[in-house]
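# Remarks on the overall topology
Each chain, written out:
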Amino acid sequence: MSALVDVGLIDDVKRFGAADVSACFSCGQCTAMCPLSSNDGTFPRRLIRYAQVGMKDALLSSKELWTCFYCGECSDTCPTQADPGGFMAAARRYAIASYDKTRLAKTMYTKPVLGTLIALVLAAFFALFMYREHGPQHASALKLFDFIPEPLIHYTGVAVMALVGLAGLAGILSAARSIAKKEGLSLGSVVGRGAGKAWWSALWTESLGQKRYRSDCQTAQEASPWYRKRWLIHAMTMWGFLGLFAATIIDYGLALIHVKPTGAEVPIWYPVRLLGTLAGLALIYGTTMLIVDRLRKANRSASDSTFADWLLLTLLWITGVTGFGIELALYLPHAPAWGYWVFLVHVSIAMELMLLLPFTKFAHAIYRPVALFFVARGKEKEAGPG
Amino acid sequence: MSERRIGVYVCHCGGNISDYVDVERVVGTVQGAPGVVVAKHTMFACSDATQQEMAADIKEQKLDGLVVASCSPKLHTTTFRGVAKRAGLNPYTYNQVNIREQCSWAHTDNHEGATLKATGLVKAGIARSRLSVPLEPMVVQTTQKAMVVGAGIAGLRAAIGLADVGLQVFLVEREKKLGGWVGQFGAMYARNRKGTDLIAALVAEIQKRPAITVYTNAELVAKSGSFGNYVATVRLDETPAKELQVDVGSIVVATGFDTYQPEPGEFGFGTDGVVTLPEFKAMIDASPGPLTYRGKRVKTIAYIYCVGSRQPSGHEYCSRFCCAATAHASLRVAELGRAGARPPPEPGVHQYHLYRDIRTYGKFELMYTDSRESGAVYMKFADDAPPVVALGDDGKLKVTTRDTLTGGEELTIPADLVVLVTGMVPRKNNELMTLLKVPVGTDGFFNEIHPKLRPVETVVDGVLIAGACQGPKSASESVASGLAAVTQSAAILKKGFAELDPLVATVNASACTWCGKCVEVCPYSAIAKVAADGREVAEISASTCKGCGGCAPACPENAIDLKGYTDAQIRAAIDGMLEEKAA
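Residues numbered from 1 in each chain as written. Chains lettered and ligands numbered in written order. Predicted model: local features only at pLDDT ≥ 70, side-chain atom pairs only at ≥ 80, totals over all residues.

### Some points on the packing of helix α10 (residues 150–183) of chain A against helix α17 (residues 338–355) of chain A
Residues and elements named next belong to chain A. Formally: Working convention: axes come from line fits to C-alpha atoms, limited for helices to the stretch in contact. Angles between N-to-C directions cover 0 to 180 degrees. The helix count covers DSSP runs of H or I at least four residues long, the strand count covers runs of E at least two residues long, and both are numbered beginning at the N terminus. Angular relationships are summarised with four words: roughly parallel below 35 degrees, roughly antiparallel beyond 145, roughly perpendicular across 65 to 115, and oblique for the angles in between. Handedness of each helix crossing follows the sense of rotation of the near helix against the far helix: counterclockwise by less than a right angle gives left-handed, clockwise gives right-handed. This entry defines residue contacts through backbone-placed C-beta atoms, with two residues in contact when those atoms are within 7 Å. Three classes are used, and their members are as follows: Ala, Val, Leu, Ile, Met, Phe, Trp, Tyr, Cys and Pro are nonpolar, Asp, Glu, Lys and Arg are charged, and the others, Gly among them, are polar.
In contact at an axis separation of 9 Å, α10 and α17 are set at 15 degrees when each is read in the N-to-C sense. Classified by the interaxial angle, the pair formed by α10 and α17 is roughly parallel. Seen along the crossing, α10 lies across α17 with a hand that is right-handed. Contacts between α10 and α17 pair I153, T156, G157, V160, M161, L163 and V164 from the former with V347, M351, M354 and L355 from the latter. Classifying every residue of the contact of α10 with α17 gives nine nonpolar, two polar and no charged.

### Some words on the environment of B:L198
Assignment of secondary structure puts B:L198 in helix α7 (residues 195–207). Setting aside residues no more than four positions away along its own chain, B:L198 makes contact with B:I153, B:V182 and B:R193.

### Some details on the domain arrangement of chain B
In many reports, interface size means the accessible area that the parts give up when they come together. Quick reminder of the rule: All the domain ranges listed were derived from an automatic or database domain assignment.
Split by domain assignment, chain B resolves into domain 1 (6–135), domain 2 (145–256 + 427–498), domain 3 (262–421) and domain 4 (501–563). Its C-alpha centre places domain 3 of chain B at a distance of 57 Å from the equivalent point of domain 4 of chain B.

### Brief notes about α7(B)
Residues and elements named next belong to chain B. Let me state the cut-off plainly: Any helix carries an expected span of 1.5 Å times its number of residues minus one. Three exposure classes are used, all based on how many other C-beta atoms lie within 10 Å of a residue's own C-beta (placed from the backbone): buried at 20 or more, exposed at 12 or fewer, and partly exposed between those limits. The directions considered for the arc run from the helix axis to the C-beta atoms.
Between its first and last C-alpha, α7 extends 18 Å over 13 residues, near the 18 Å set by a 1.5 Å rise per residue. Residues of α7 that are buried include every one of G195, L198, I199 and L202, and no others. One side of α7 carries all its buried residues, which in axial view fall inside an arc of 95 degrees. Exposed and oriented more than 90 degrees from the buried face of α7 are A201, A204 and Q207.

### As for unusual backbone geometry
Excluding glycine, residues mostly have negative phi values, and the peptide bonds linking residues are mostly trans. All names here are of chain A. A cis amide bond links F43 with the next residue in sequence, P44, at an omega value of 0 degrees. Mapping P44 onto the fold places it in the loop between α2 (29–33) and α3 (45–53). The backbone of Y70 shows a phi angle near 55 degrees, a positive value even though the residue is not glycine. Structurally, Y70 is set in the loop between α4 (56–60) and α5 (73–77). Residue Y70 is classed as buried on the basis of its 20 C-beta neighbours within 10 Å.

### Regarding the sheet that holds strand β4 (residues 94–98) of chain B
Residue and element names in this part refer to chain B. As a reminder of what qualifies: At least two DSSP bridges between two strands are required for those strands to pair.
The parallel open sheet is built from four strands, whose spatial order is β2-β1-β3-β4. A single partner strand is all that each edge strand has here, and the edge strands are β2 (36–42) and β4. Across the sheet, the mean angle from the axis of one strand to that of its neighbour is 15 degrees, orientation sign disregarded.

### Overview of the sheet that holds strand β18 (residues 350–355) of chain B
Residues and elements named next belong to chain B. Pairing is parallel in the open sheet, where five strands are placed in the order β14-β23-β17-β18-β19. Looking at which strands have only one partner, the edges of the open sheet turn out to be β14 (274–276) and β19 (377–380). When strand polarity is set aside, the average angle formed by the axes of neighbouring strands in this sheet is 20 degrees. Pairing of β14 with strand β23 (residues 417–422), which is carried by three bridges, proceeds in the parallel orientation. The residue of β23 that forms the bridge with T276 is L420.

### Some points on the interface of chain A and chain B
With 19 residues of chain A at the interface, the matching set in chain B holds 20 residues. If you list the elements that add at least two residues to the side of chain A that touches chain B, you get β1 (3–4), α1 (9–14) and α3 of chain A. The leading source of residues in the side of chain A that touches chain B is α3(A), at five residues. Here the side of chain A that touches chain B is composed, by residue class, of 11 nonpolar, four polar and four charged. As judged from the two bridges shared by β1(A) and strand β22 (residues 410–415) of chain B, these two strands associate in the parallel manner. Bridging across to β22(B), A:L4 finds its partner in B:T412.

See the structure below:
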């Protein structure tokens, strides 16, 4: 079956970055250098070629897009300065925009001015939406849920999560279906026999544990002290975010089963509070370092920052810092008035962050594990019985 | 015949010969043979020391014949003729015997046989030398005029060059206008100068030179005379038709090329939107902005390379210029496209180059790189799986191919325009070939004598070839060969005389019966009928004869002999060879 070439593909991908990729003449140096490229999934050369030629389906169904952690070694050694690593990043952005059928992701990626406007309007909307229902700001102690009613936050959160779940699921299905087809697997294989092991590898070993990022993508990290390693900074950000997310859910759960009402004062060692505190610190450290690295152009992947990079980092950083600020304010002796405002900002930005998940760089958090699942699945198939 | 004094030198060639041939035994066998005064073996006959030794022997022993048994005559005939000449011996009394290519190398498995054969060959050489006579090169006066046939870029430049070395020039062009192909071109690679401008500059130079006479609508229709003194007949296409004759010393043939015309259906040729490279170039040259075809903007172009070139059944050669010309055209299309496109990164036109091999040799490689970097995609197809061009149901052209670099999946490119990259083919010019007697190669282009060392000379002395009539060339290569032809013309004509090899055929008029058989076989038209003592006999023009020997065996009366290779010499050589029989 002959595939119809999409002649404009390379131009489309270039809207997401990869300005120099036309210089590539497919020598394969990048693939040879890449510590992650392996015989059962070679990149970046092949993916660059897909884009140049116009093989859109082949590009979007390549699990290899998501096995790259952008160490930048390929770009450093590319004989034509075609920046293969930058291309991989651009192609991932392009893929996120393509998997998303609402076209919002494409706008957020390719139209920085409009994107900024949307981000600001959305934040303002959430803030005003909450503030509209506001109650008194007690001066004696921070009664945050007297200021913004807890059910309002709760139901807004549920609505946001429902929307995100819907859009995210559509994107995941779109990505999984195309990758599965290319790998010669049915979509059922995602839950079928043997899927458990592959999901364990994708979610635990590789996503949370960052095994290959940690052990195989060392080159660009060697010079840094341990606390500046790229994988660690990324892991702190991810763990911090997940920890805060878990703390929020557990806190709500505890209230639901009447163990501890939401907002009740508890000591620092109280498990949920401890989790929140540590996760918040991790998120602040991670995002701050990511921002610093980008400002200092500390490594290849941090040297070309797009609006999408800044948007995600800004939202995460504000969420982390304001969250910690609330913690601080809660336990300061005299409930400071700024605590209420910080709380409003925190809730609004956290809502926005979640709502934009499928449409921003944040979306890699859902697509990468899906792709890594197929990588693990492919390895199993290769090493499997028979 | 008085006793000859012949020197014989048998070469070891550092083992190339002596590893298989017992060189000392060969020398021993011929030592003291009739007429042999000196017989020696030497490690390297061509070495300075041995050459000096030979020269000394020639002088001291008063030798009148020289035989060197070593390698092929192609390598060292002139070397040892030179030795003879320096020592005061007539160079044509020298005989080269080949006991390397035709003996030691051929019989590495049989040393005894090789030695016997070498002895026989040396004896044959000695026998031939016993009958050798001193010969002198012929001297002919040369006319200080040259003719250039074809006024394309090579011919125009050659005419200017010839005038500048002080020769009178006749420039003959078949068309009404000067300039040939280049005169029709817009911007050309590599520096974007317009072909029309280049030709205009050359024509202006021609007009400044009174030594150049230009004939347009004119053809060379006959050539007579011999080297250095040709009479060329030019037919002017006028009413009434007019012919005029001019005396010239040399003729520079610069008749150019034709472009390959694909067969109907070859890669979709004949379908609307499928064009050849020259047609495409003309489209670009005429396009003021973004390229259009039939009024519609061209957004996707597919190029198919090597159409008509490098085909096992057809034109087997590479046309050399087409890869670079297409890369250049592709850059120009991108430029035109950018003029009407939104800001980068939109390249305006999508270009797919489907090639067998890209041969943008030399600095044209940079153009190929530029073209790639401007966004053009180059895709290699396999020799046995060329792309297929078809008209889709939507009325759009579809080019189906496989991309080697993505794993060979079949791909279909929707194209607004398909460019068949066609190359150069030889001009169909049989009359000119017949009248010039310049041989053409299997590819149909005129042949030079030696591609490296005598690249513009032909086997017909004084007839030189320049430009793409010799084979595919770029404009600059054509000009370079035109100027090489100028130099060669000057080398022939500027001395005022020329020396010719005396190894030519002669007719014994008393034996000749004028049957005409020799005329039929002579490839150089060197033989004419003359009257001698009231009889009609054949006469061979010594300056036209190339000494090929074709006429000698054709003569039923044995009236023709080839100097240096007379019947008597060949018979003696055979007898000498047969003296040595295997034990």
